[in-house]
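Here are the chains, one letter per residue:
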Amino acid sequence: MCDYSKMAEAYKIKMVESISLIPKEERERRIVEAGYNQFALRAEDIFIDLLTDSGTGAMSDKQWSALMLGDESYAGSRSFYRLEEAVKGVVGYRYFVPTHQGRGAENVLFPLLIKEGQYVINNMHFDTTKAHVELKGGRAVNMVIQEAYDTQLEHPFKGNVDIEEMERFILEKGRENIAFIMITITCNSAGGQPVSMDNIREVRRVADRYNLKVVFDSARFAENAYFIKRREDEFKDREISSIIREMFSYGDALTMSAKKDAIVNMGGMIAIREDEKLYTQVRAMVVPMEGFPTYGGLSGRDMDAMAVGLVESTDEAYLSTRIGQIEYLADKLIEAGIPIQRPVGGHAVFVDARRFLPHVPFNQFPAQALCVELYREAGVRGVEIGSFLLGRDPDSGQQLESPLELLRLTIPRRVYTNSHMDVVAAALINIYKRRQEIGGYEIVSEPEVLRHFTARLKPVKDR
Ligand SMILES: *Cc1c(COP(=O)(O)O)cnc(C)c1O
């Protein structure tokens, strides 16, 4: 049987932005000028930009028209109340405050929940989340299941929390030394891998046993719900919106970057299920950090676009198009024998650069080498998630070895067509054919913190 509705995108294009591929010699010049660091490239020199899915999505006609309804009143704007209604409908929590983006939410909420020296348990901390835990005196620990670290092992929910490990950790450190448990949906750092409802329920059970709070890091909540529907039998006939509400019902609060699933270019929030005391504290703290609680660093029009985007993100036809596009690219690469994180996750394809370039050692950054090569080949920008990102041991200064060396090809929402995915696949396949010729890189200069954004590199000569 042929399901025509699933053969094409669930939208058509109303506005376009020109892109072009600059000549090969020019790409070569640009990447040398950039110190072989894709963060230093200019967007205009890029053909297909797969750096991130954050804030890069295409808003719908309904979102653009909602912008025009923005009410820019300082306090109590109509836009705020429209967003509040959308949040209550989609998330199901009683309280919420907008923030300018996800890290703004972390900055406001975490000091209220973390005491000096306490641990925050997470399946896998996103980098700004880890930074905010540590800035507030906390200690960030990752407890994703071991399967997440083997790219070739098929598992439907590689973002799951290792429940036994978590309980053992709580008993060992003592309940009073745990600030809260965080569940990142989908698990960004493990490759956009989903967390099952079963696992979320187990986390809640353990949290209740030790009287701990559960907080969702919920940037890709809708994609997670879509995977639950597809991969967890109990949910195959449930509406996406109902799966989302059940997921969140097991949490006490959430932080959200609305730049991902909520498809806005800027925005975020904190939502709280029912703890009025915590909400009162959040409302007080958000004022000096983000803004008055009815705007939290956002314009009225931003809140209106977010209200519409939140609801659109739960549309199953859209989610099927979205995840379908990631799978389309992944299938082409798998067919060509290119090693990627499997099964493919929600927002990106992760190429296993250690298997792609086995002759390049970790301290010559194989995924960064592949990233540079992909730009040279076809003007495509991906991003390294490996030892170059991980950095050095703060005590010894030695380069650390990342458990995975990945090139992330992050797909913006509703932006590129499958023809663009064909370009990316063809380029990688051509690189794969000549992979023996590709060498590693060494660092020429680097700042002390978050070096991957500004460090300069050069090719290692003697191979
Ligand atoms: C993007 C992201 C954040 C931070 O959100 P920003 O909007 O970029 O500040 C936090 N957690 C996860 C899982 C994310 O993907």
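Quick notes on the rules
- Residues numbered from 1 in each chain as written.
- Predicted model: local features only at pLDDT ≥ 70, side-chain atom pairs only at ≥ 80, totals over all residues.
- Heavy atoms only, no water.
- Helix = DSSP H or I, 4+ residues; strand = E, 2+ residues; numbered from the N terminus.
- Rg over C-alpha atoms; globule rule 2.2 N^0.38 Å.
- Buried < 20%, exposed > 50% of the residue type's maximum accessible area, 1.4 Å probe, protein only.
- Contact = heavy atoms within 4.5 Å.
- Areas by Shrake-Rupley, 256 points an atom, 1.4 Å probe, with all protein chains shown as cover.
- Lys, Arg positive; Asp, Glu negative; His and termini not counted.
- Charge placed at Lys NZ, Arg CZ, Asp CG, Glu CD.
- Core = buried A, V, L, I, M, F, W, Y, C linked by side-chain atoms within 4.5 Å.
- UniProt positions renumbered as here; feature names shortened; annotations may be inferred.
- Near = heavy atom within 4 Å.
- Polar contact = N/O pair within 3.5 Å; in protein donor to acceptor, adjacent residues only side chain to side chain.
- Pairing = 2+ DSSP bridges.
- Axes fitted to C-alpha atoms, helices over the stretch in contact; angles between N-to-C directions.
- Parallel < 35°, antiparallel > 145°, perpendicular 65-115°, else oblique.
- Left-handed = near helix turned anticlockwise from the far one by under 90°.
- Nonpolar A, V, L, I, M, F, W, Y, C, P; charged D, E, K, R; others polar.

## A look at the overall build of the chain
The secondary structure content of the chain amounts to 16 helices and 14 strands. Expected size for 463 residues packed as a compact globule is a radius of gyration near 23 Å; at 22 Å, the chain falls within 12% of this value. Taking the principal axes of the C-alpha coordinates as reference, the chain spans close to 60 × 55 × 50 Å. Out of the 463 residues belonging to the chain, those deemed buried represent 56%. Pairs at least 24 residues apart make up 73% of the contacts formed inside the chain by residues separated by at least 6 positions. Entry remark: accessible area of the chain is about 20000 Å², with carbon and sulfur atoms responsible for 50%. Of the charged side chains in the chain, 59 are positive and 68 negative, and the gap between their average positions amounts to 2 Å.

## Digging into the nonpolar core
If you look at the biggest cluster of nonpolar residues, it comprises 64 residues, and the most contacted ones within it are Met-166, Ile-170, Phe-221, Phe-248, Leu-254, Met-269 and Leu-310. Apart from the residues within four sequence positions on either side, Phe-248 is in contact with Val-91, Tyr-93, Ile-185, Phe-216, Ser-218, Phe-221, Leu-254 and Arg-273. Counting 48 residues, the second largest nonpolar core, distinct from the first, contains Ala-330, Val-360, Ala-378 and Val-380.

## Re the UniProt feature "domain: Aromatic amino acid beta-eliminating lyase/threonine aldolase" (unreviewed entry) in the chain
According to UniProt, the positions carrying the feature "domain: Aromatic amino acid beta-eliminating lyase/threonine aldolase" (unreviewed entry) are residues 49-426. Between the end C-alpha atoms of residues 49-426 the distance is 16 Å, and the span holds 43% helix and 13% strand.

## Observations regarding the site of the ligand
Gln-101, Arg-103, Asp-217, Ser-257 and Lys-260 are the nearest of the 15 residues found near the ligand. Separating a nitrogen atom of the ligand from a side-chain N or O atom of Asp-217 is a distance of 2.8 Å. If the ligand stood free it would expose 380 Å²; the protein chains cover 98% of that surface. For the shell around the ligand, the secondary structure elements donating two or more residues are helix H4 (102-113) and helix H5 (127-135). No other element matches H4, which puts three residues into the shell around the ligand.

## Considering the sheet that holds strand S12 (residues 406-410)
Backbone-to-backbone hydrogen bonds join strands into a sheet, with any given pair of strands oriented parallel or antiparallel. Taken in spatial order, the three strands line up as S9-S12-S11 in an open sheet, and their pairing is antiparallel. Taken across any chain shown, the strands that pair with only one partner, and hence form the sheet edges, are strand S9 (348-352) and strand S11 (383-385). Strand after strand, the sheet turns through a mean of 35° between neighbouring axes, direction not considered. In the sheet, S9 pairs with S12 via five bridges, with the strands oriented antiparallel.

## Regarding the side chain of His-347
With respect to the helices and strands, the residue His-347 is situated in the loop between helix H12 (316-335) and S9. Side-chain polar atoms of His-347 contact the side chain of Arg-220, separated by 3.4 Å.

## A word on the UniProt feature "modified residue: N6-(pyridoxal phosphate)lysine" (unreviewed entry) in the chain
In the UniProt entry, the feature "modified residue: N6-(pyridoxal phosphate)lysine" (unreviewed entry) is given for Lys-260. One can find Lys-260 in the loop between strand S7 (253-257) and strand S8 (268-272). The exposure class of Lys-260 is buried, given its relative accessible area of 8%. Not counting chain neighbours up to four residues away, the residues in contact with Lys-260 comprise Asp-53, Ser-54, Ala-219, Arg-220 and Arg-413.

## Section: the side chain of Ser-320
Within the element layout of this structure, Ser-320 appears in helix H12. Not counting residues up to four positions away in its chain, the partners in contact with Ser-320 are Lys-6 and Tyr-226.

## Looking at the packing of H4 against H5
Between two packed helices, the angle of one axis relative to the other and the distance separating the axes together describe the packing. The geometry of H4 relative to H5 is characterised by a closest axis approach of 10 Å and an angle of 25° between their N-to-C directions. Viewed along their axes, H4 and H5 adopt a mutual orientation that is roughly parallel. Helix-helix and strand crossings are classified by hand; for H4 and H5 the assignment is right-handed. Residues Arg-103, Glu-106, Asn-107 and Phe-110 of H4 form the contact with H5, whose participating residues are Thr-128, Thr-129, His-132 and Val-133. Here the contact of H4 with H5 is composed, by residue class, of two nonpolar, four polar and two charged.

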